[in-house]
Structure formats: C-alpha cells, structure tokens
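# Commentary on secondary and tertiary structure
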Amino acid sequence: MPADNEEYTRLLEEMVEQMKAHILSQDARILEQEQTIADLRSLVDDLRLLKAGLEETLEEFKRQLFGTKSEKTKTSQADAAVETEDPASKTTVKEHTRAKKKKQQGMNAMQTSLSVMSLYLSRTKTAAVRTAMRK
C-alpha cells in the first residue's frame, strides 16, 4: 500500500488511464468485428443469390437432358400402330406379334471394307527370328 494519499491518487489515475486505453482498444476491435460481420453478411447474401441462380440453371439443364424433347411428339396408340404396321417386318409368334430386328450395318460394313494383308515367311527366317528373340 502506498504511504501517502498523493501516491495512492496517482496510482488510481494510472489505473484509470490504462482502463480507458483498454476500453478504446476494445471499442476499436468491436468496430472491426462489426465491419467484418457486415462484410460476411453481404458475402452470404451474394452467395445465396449465386446458389439460387446455379440451382435454376441446373434445373433447366435437367429439364433439357431428362425432360420431354421438342423432337418427340405425343401420338395416340392408334396412330402409332398405323405408322408401324409393315407385314414384312413382323413375324407371328405364339400369343403376340414380334417385330424383326434390323441388321446393324456398323461393324459388318466396316469389316468388309478392311483389306487383309498376308505375310509369309520361310522357315529359315522364322527360325532365325526365334533364336534372336531367345538371346
């Protein structure tokens, strides 16, 4: 404890000044945090708008990919039956009519268009190649 009142008063004034400085630094920190909170709220609002836009775009893409296509038209079953009736392309099977499958032209056409090259080696050359490969 200080001996006289003047020293005690001086110590109290120093403590008050320190407390004021501490309060000012805390106020500055609070203002900084409030500004950061305001910035983050603004960012959250922007991100929510972006998310809503992206979800809308995603739904549009889903509709384009999985939804009904403009090329497809809705026809009644009777119209569809009239369009697909071709007696040459159907065979009668027990209890129902089965449509014949068309031959796929892809691989068969490609195989016929490929040229084949044959290479014949004499036995002496193949033996020499085999011995060279063994070494």
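None of the values given here were measured: they were computed from a predicted structure.

Our next topic: the overall build of the protein. A tally of regular secondary structure across the protein gives four helices and two strands. Sequence-ordered secondary structure for the protein, helices as α and strands as β, is α-α-β-β-α-α. Taking all 135 residues of the protein together, 0% fall into the buried category. For the protein, the accessible area works out to roughly 13,900 Å², and carbon and sulfur atoms hold 58% of it.

A few words now on the pattern of salt bridges. Within this structure, the stated rule accounts for four salt bridges. When the shortest N-O distance is used, the salt bridge between Glu14 and Arg10 registers 2.6 Å. On the criterion of helical spacing, the pair formed by Glu14 and Arg10 is a turn pair, its members being four residues apart in helix α1 (residues 5–66). Overall, the relative accessible area of 41% leaves Arg10 in the partly exposed class. The residue Arg63 makes a salt bridge to Glu60 at a minimum N-O spacing of 2.7 Å. One end of the pair, Arg63, and the other, Glu60, are both in helix α1, three residues apart, so they sit about a helical turn from each other. For Arg63, a relative accessible area of 47% corresponds to the partly exposed category.

When pLDDT is averaged along the protein, the result is 78, and 53% of the positions lie at 70 or above. At the level of individual helices and strands, the protein shows its lowest average pLDDT in helix α2 (residues 77–84), which scores 57, and its highest in α1, which scores 95.

By the element assignment, Thr57 lies in helix α1. Under the relative-accessibility criterion, Thr57 is labelled partly exposed at 36%.

This part covers a nonpolar patch on the surface. On the surface, Leu40, Leu43, Leu47, Leu50 and Leu54 cluster together into a nonpolar patch covering about 480 Å² of accessible area. Structurally, Leu40 can be placed in helix α1. Taking relative accessible area as the criterion, Leu40 reaches 48% and is therefore assigned partly exposed.

Criteria and cut-off values
Residues numbered from 1 in each chain as written. Predicted model: local features only at pLDDT ≥ 70, side-chain atom pairs only at ≥ 80, totals over all residues. Heavy atoms only, no water. Helix = DSSP H or I, 4+ residues; strand = E, 2+ residues; numbered from the N terminus. Buried < 20%, exposed > 50% of the residue type's maximum accessible area, 1.4 Å probe, protein only. Areas by Shrake-Rupley, 256 points an atom, 1.4 Å probe, with all protein chains shown as cover. Salt bridge = Lys/Arg side-chain N within 4 Å of Asp/Glu carboxyl O. pLDDT = per-residue confidence, 0-100. Patch = residues over 30% accessible without salt bridge, like charges linked within 9 Å, V, L, I, M, F, W, Y side chains within 5 Å.

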